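Here is what each chain is made of, one letter per residue.
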Amino acid sequence: MDLIQKIRERAKATNKTIVLAEGIEERVIKAAVTIRDEKIAKVILLGREEKIKEIAGGIDLSGIEIIDPEISEKTRDYAELLYQLRKDKGMTEEKAMELAKNPIWYGTLMVKNGDVDGMVAGAITATADIFRPAFQVIKTAPGVSVVSSAFIMVVPNCEYGSNGIILFADCAINPNPDAKQLAEIALASSRTWKALMDEEPIIAMLSFSTKGSGQHETVDKVVEATNILRQKAPEIKVDGELQADAALVPKVAKTKAPGSEVAGRANILIFPDLNSGNIGYKLVQRLAKAEAIGPISQGLAMPINDLSRGCSSDDIVNVAAITALQAQNLVK
Ligand SMILES: CC(C)(COP(=O)(O)OP(=O)(O)OC[C@H]1O[C@@H](n2cnc3c(N)ncnc32)[C@H](O)[C@@H]1OP(=O)(O)O)[C@@H](O)C(=O)NCCC(=O)NCCS
Ligand SMILES: CC(=O)OP(=O)(O)O
C-alpha cells in the first residue's frame, strides 16, 4: 500500500467530521464526494446550497451536509464566540457578525466550538486568509510558539530521502523565521515525519552554503538553528548548514560534508525562509511531477489545514485525511 492509501485508510478508522469551507468550488465538491464514497470522514460543505448544487451539476451529494453561513442558525452563536475571544484585541460585535458569515471564519469557529473535528480550505483562498482566523481563534497548541507547515513530497523514480519521500518545511507560513523559530519548525517536522512515515527523521538545515563554504548572516542563522535544535533534542539526527545536494546525494555529501551522519541521507529538508521553501516545493512538484501532500499545519491547537490554490481534488482528499489524523492526535 502506498503512503497516500495508508493515510486514507488510517483516516477512515478515526470516524471524524471535516468541514470543507469552499463548497462553491468544483474541486472541493468532487473531493467531498470522494471523502464520502471512501468513508474517509463525514463531510460538510459550506456555501449557498443552490449554488453548490448548480456547480455539482448531476453529482449526487446525498450524505454530504451543506451549511450556508449567511443564514445558518449557528452564525449568531459563532459571532458571539468570536467577539468574546477577540474583544480585547478590538473586535466589535458588528465585525464579529460580519466575519462569522464568511465561510473560512465560520468553519474555523465550528472547529473551535467542537462542532466539527477539523477544517480544510485554501483551494480558492490565499494562505494568509486561512491562517489569520486560525491564529486568532484556534491559537497554538500548548508549548508551541510558532505554527508552521510541512509538505510530504513523493517524488517518482527518486532514490533520495526515503525512496523518494521527503518532508519539506516551512513552505507556507513563516516568511522569515529566526534561528529559534527555525529550530522549532525542524522539531515539529520531525514529529510529523514520525507520525506519517514511522521512520527515523534525518534533518538537513538547508542553506546556499555547506559547512562554511559561504559566509553571510543568513548562513549564520541556519548554523544557530542547528545548534539550538541539537541542544533541545540531542537524540535527533540534524546537521547544518548544508546545501540541498549535500543533504540528499551521498557522493556530493562525501566531498562537501565528510563525516556528517545526515549529509547524503536526509529525509527532512528545512528551508531557511519562505521564499526558498515555497519556491522549492513548487519546483519539485511541477518539474519532477512529485505528489505534494500538504501543507500540513504543525502546532495549531486544533486541526485547520490549508491547500494550494493549484491543488487537485485528490490533494484536497489527502489533506482532509491528514486533518482527521490530527483530530485523533495521530499527527500533531
Ligand atoms: C500567516 C500570516 C498571515 C500571519 O501574519 P499576520 O496576520 O500579519 O500576523 P500578526 O503578526 O499580525 O499576528 C496576528 C496573530 O497571529 C499570531 N501569529 C502570527 N504568525 C504566527 C505563527 N507563525 N504561529 C503562531 N501564531 C502566529 C500572532 O501571535 C497574532 O496573535 P494575536 O492577534 O492573538 O496576538 C503571515 O505570516 C503570512 O502572510 N504568511 C505568509 C503566507 C503566505 O503567503 N504563504 C505563501 C503561500 S502558501
Ligand atoms: C501553499 C501555497 O503555496 O499556496 P498557494 O499556491 O495557494 O499560494
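Everything below is about the structure printed above this text.
Just so it is clear, the model here is predicted, and its values are computed rather than measured.

(A) Geometry of the site of ligand 1. Taken together, 16 residues lie near ligand 1, and R86, K89, V147, A172 and I173 sit nearest. R132 places a side-chain nitrogen or oxygen 3.1 Å from an oxygen atom of ligand 1. In this structure, N174 approaches ligand 1 through a side-chain N or O atom, which is 2.8 Å from a nitrogen atom. Alone, ligand 1 offers 940 Å² of accessible surface; in the complex the protein occludes 61% of this.

(B) Examining the packing of aromatic side chains more closely. Tallied over the full model, the rule gives four aromatic pairs. Centre to centre, the rings of Y78 and Y106 are 4.9 Å apart; their planes meet at 80°, and the pair counts as edge-to-face. In this pair, Y78 sits in helix α4 (residues 75-86) while Y106 sits in helix α6 (residues 103-112), placing the two residues 28 residues apart along the sequence. You'll find Y78 and Y106 in the same group, each marked buried. Plain terms: the ring middles of F151 and Y281 are 3.8 Å apart, the flat faces sit at 15° to each other, and that makes the pair stacked. Taken together, the positions of F151 in strand β5 (residues 148-154) and Y281 in helix α13 (residues 274-287) put the pair 130 residues apart, joining distant regions of the chain.

Criteria and cut-off values
- Residues numbered from 1 in each chain as written.
- Chains lettered and ligands numbered in written order.
- Predicted model: local features only at pLDDT ≥ 70, side-chain atom pairs only at ≥ 80, totals over all residues.
- Heavy atoms only, no water.
- Near = heavy atom within 4 Å.
- Polar contact = N/O pair within 3.5 Å; in protein donor to acceptor, adjacent residues only side chain to side chain.
- Areas by Shrake-Rupley, 256 points an atom, 1.4 Å probe, with all protein chains shown as cover.
- Phe/Tyr/Trp six-rings, centres within 6.5 Å; stacked < 30°, edge-to-face > 60°.
- Helix = DSSP H or I, 4+ residues; strand = E, 2+ residues; numbered from the N terminus.
- Buried < 20%, exposed > 50% of the residue type's maximum accessible area, 1.4 Å probe, protein only.

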